[in-house]
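Chain and residue survey
Now for the letters of each chain:
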Amino acid sequence: MPEPESRSSDPHADSRADHRAHDVHQHSATLKRLEKSSGSLAAQAIARMDETLPWYRAMPPENRSWIGLVAQAGIAAFTEWFRHPDAPQAISTDVFGTAPRELTRAITLRQTVEMVRTTIEVMESAIDEVAAPGDERVLREALLVYAREIAFATAQVYAQAAEARGAWDARLESLVVNAVLSGEADEGAVSRAAALGWNSPEHVCVVLGTAPDGDSELTVEAIRRAARHAKLQVLTGVLGDRLVVIAGGSDNPLAVAKSLIGPFAAGPVVAGPVVPDLLAATRSAQAAAAGLKACSAWQDAPRPVLADDLLPERAIAGDPGAREQLVEEIYRPLEEAGSALLETLSVYLEQASSLEGAARMLFVHPNTVRYRLRRVTDVTGWSPSDVRSAFTLRIALILGRLVDGEPQT
């Protein structure tokens, strides 16, 4: 009976194994000297950082200690790399796993690159001293390969940290946007917004429209780019089929909507009124949501459009805020200005906006009607001679009379 084979059936595999074993044996002296020098190399790297990196010197002792451990782990990992050059190496775990995740927040990617570069430079400068005679080239080549792998591992660690922070930030932002839109914004929402970099601007408004199909993250990022270009702060998110933007930093909501309109899908885009802060943004969001719902009733509405320009459609659609606003901002001021203005406006609208017809009905000169209508414009901000404004004024009169319990005329 033949004896079982003790070697691989692949002669090339056997050859490679023999070669690796020969290399390890051949460079064993260098490996021993490298192990013996690892502590002093780490100390030299820390001293070099303290000498050349101002940000390192300014760090608290705890963070400097963690960085020292990372440098030591890096040199130890290189020793293992040199011992088993063909074995798979989990460098990111071996090196960066010694420090807590919070360290990626304490030092930037640029600072980490400087730290790694300093450590590699110290190791490179010690090659002639550490390597056994004849092994200098082999050790230098191994260090070059290891430095490349460390660079990839550094990028991976920071990319993973950025992804984790991005996912967490997205959840926080979604909570804030949803709280504002649902009317549940409180100090907790303000705190979450502050954690996202919201600096409590004086002027805030909410812009609503239809979200485009596709990746919502790309839509959100497009809004952020547009906001940076317009020098606005934004909190944004896609909720269902709606794209919601809370914008701060401008007292002109129409200009804000125009600067951010690019990422919105086709269809109406409505800007709510400006409010003083994030807590009051619910009022702007509710007005914008009511305007978006009622916008189909005004087929020639501009894009974007102000929620306040949709007051009559919102009121007809059942928005109590719009009804109250029309009564308080149009009907009541006219009522307080004297019965002549209310009467003149009512007759003028009933006479199909005819000055002469209104003058005949009121038994006054047309110039008197003209003067009173200018007074209506001054008091309300809406011009009776404009078709759109006349429609808004008519709805305001109807609602005011209903509130007062007067019969509609």
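Residues numbered from 1 in each chain as written. Predicted model: local features only at pLDDT ≥ 70, side-chain atom pairs only at ≥ 80, totals over all residues. Heavy atoms only, no water.

The protein carries the name PucR family transcriptional regulator in an unreviewed UniProt entry, which gives Streptomyces monashensis as its organism. You can read under Sequence similarities (unreviewed entry) in the UniProt record for the protein the words "Belongs to the CdaR family." (UniProt positions renumbered as here; feature names shortened; annotations may be inferred.)

**A few points about the sheet that holds strand β1 (residues 204-210)**
Overall, mixed pairing links the five strands, which are arranged β2-β3-β1-β4-β5 in an open sheet. Because the sheet does not close on itself, it has two edges, and the strands there are β2 (233-239) and β5 (305-306). As paired elements, β1 and strand β4 (residues 270-271) share two bridges and run antiparallel to each other. Bridging from a neighbouring strand, V207 pairs with A271 of β4. Contacting β1, β2, β3 (242-248), β4 and β5, helix α12 (residues 253-260) runs over the sheet at an angle of about 45° to β1. (Pairing = 2+ DSSP bridges. Helix = DSSP H or I, 4+ residues; strand = E, 2+ residues; numbered from the N terminus. Contact = heavy atoms within 4.5 Å. Axes fitted to C-alpha atoms, helices over the stretch in contact; angles between N-to-C directions.)

**Details of the nonpolar core**
If you look at the biggest cluster of nonpolar residues, it comprises 33 residues, and the most contacted ones within it are M49, W55, I67, F78, M115, L139 and Y146. Listed in part, the 28 residues of the second largest apolar core include L311, L341, V369 and L393. (Core = buried A, V, L, I, M, F, W, Y, C linked by side-chain atoms within 4.5 Å. Buried < 20%, exposed > 50% of the residue type's maximum accessible area, 1.4 Å probe, protein only.)

**Some remarks on unusual backbone geometry**
P304 follows R303 through a cis peptide bond whose omega is 0°. Of note in the backbone geometry, A352 takes a positive phi value of approximately 60° without being a glycine. For A352, the location among the structural elements is in the loop between α16 (339-350) and α17 (355-362). Positive phi values are uncommon outside glycine, yet S353 reaches one of about 60°. Here S353 shows up in the loop between α16 and α17. Given a relative accessible area of 36%, S353 falls into the partly exposed group.

**Some words on the packing of aromatic side chains**
Summed over the entire model, instances satisfying the criterion amount to two aromatic pairs. Here the basic side chain of R388 rests over the ring of W298, its NZ or CZ set 3.6 Å away from the ring centre. (Phe/Tyr/Trp six-rings, centres within 6.5 Å; stacked < 30°, edge-to-face > 60°. Lys NZ or Arg CZ within 6 Å of the ring centre and 35° of its normal.)

**So, the pairing of β2**
In terms of strand pairing, β2 meets β3 through seven bridges, oriented antiparallel. Paired with L239 across the bridge in β3 is R242. With antiparallel pairing between neighbouring strands as the criterion, β2 and β3 make up a hairpin whose turn holds two residues, including G240 at a positive phi of roughly 65°.

**Considering helix α19 (residues 387-404)**
In this model α19 runs 26 Å from its N-terminal to its C-terminal C-alpha over 18 residues, within 8% of the 26 Å that 1.5 Å per residue would give. The complete set of buried residues in α19 reads S389, A390, T392, L393, I395, A396, L397, L399, G400 and R401. Residues of α19 that are buried in the fold lie against α14 (311-316), α15 (320-336), α16 and α18 (366-380). Between the side-chain oxygen of the N-cap and the backbone nitrogen of R388 there are 3.2 Å, and the N-cap of α19 in question is D386. Positive phi shows up at G405, right after α19, with a value of about 80°. (Expected span 1.5 Å × (residues − 1). Polar contact = N/O pair within 3.5 Å; in protein donor to acceptor, adjacent residues only side chain to side chain.)

**Side note on a negative patch on the surface**
Together, E184, D186, E187 and D277 make up a region of like negative charge exposed at the surface. By the secondary structure assignment, E184 is in the loop between α9 (136-182) and α10 (187-195). (Patch = residues over 30% accessible without salt bridge, like charges linked within 9 Å, V, L, I, M, F, W, Y side chains within 5 Å. Areas by Shrake-Rupley, 256 points an atom, 1.4 Å probe, with all protein chains shown as cover. Salt bridge = Lys/Arg side-chain N within 4 Å of Asp/Glu carboxyl O. Lys, Arg positive; Asp, Glu negative; His and termini not counted. Charge placed at Lys NZ, Arg CZ, Asp CG, Glu CD.)

**A few points about the layout of surface pockets**
To locate leftover empty space, one rolls a probe as large as a water molecule over the atoms. Each pocket or cavity is described by its volume, and for the largest pocket that value is around 670 Å³. Around the largest pocket, the lining is made up of 25 residues, and of these A170, E173, V220, R224 and T236 lie nearest the centre. Breaking the lining of the largest pocket down by element, the ones donating at least two residues are α9, α11 (216-230) and β2. Per element, the largest residue contribution to the lining of the largest pocket is eight residues, and it comes from α11. (1 Å grid on protein atoms, 1.4 Å probe; cavity = no way out; pocket = protein on both sides within 12 Å on 5 of 7 lines; lining within 4 Å. Points joined across faces, edges and corners; volume = space filled by probe spheres on them.)

**What about the side chain of S250?**
Topologically, S250 is positioned in the loop between β3 and α12. Overall, the relative accessible area of 17% leaves S250 in the buried class. From its side chain, S250 meets the backbone nitrogen of N252 in a polar contact 3.1 Å long. Setting aside residues up to four positions removed in sequence, S250 forms contacts with H203, L232, V256 and V274.

**Here's the deal with the environment of R394**
On the secondary structure map, R394 appears in helix α19. Along the sequence, R394 and P312 sit 82 residues apart, while their C-alpha atoms lie 8.9 Å from each other. Ignoring sequence-local partners within four residues, the contact set of R394 consists of L349 and E350.

**Here we look at helix α2 (residues 28-52)**
An ideal rise of 1.5 Å per residue puts 36 Å on 25 residues; α2 measures up with 34 Å between its terminal C-alpha atoms. The largest bend along α2 measures about 50° and falls at S37. For α2, the full list of buried residues reads T30, L31, L34, S37, L41, A42, A45 and M49. (Bend = angle between axes of the 7 residues up to and from the residue.)

**Let's talk about empty space enclosed by the protein**
For the structure shown, the criterion picks out three cavities of 30 Å³ or more. Looking at the second largest cavity, its volume works out to about 40 Å³. In this structure, the second largest cavity is lined by L34, L41, F78, M123, I127, V130, L139 and L143. For the lining of the second largest cavity, the secondary structure elements donating two or more residues are α2, α8 (127-130) and α9. Here the residues of the lining of the second largest cavity are counted per class, giving eight nonpolar, no polar and no charged. (Nonpolar A, V, L, I, M, F, W, Y, C, P; charged D, E, K, R; others polar.)

**So, the pairing of β3**
With six of its seven residues buried, β3 lies for the most part within the structure. Strand direction decides the pairing type here: β1 and β3, joined by seven bridges, are antiparallel. Each residue of the ladder has a partner; that of V204, found in β3, is G248.

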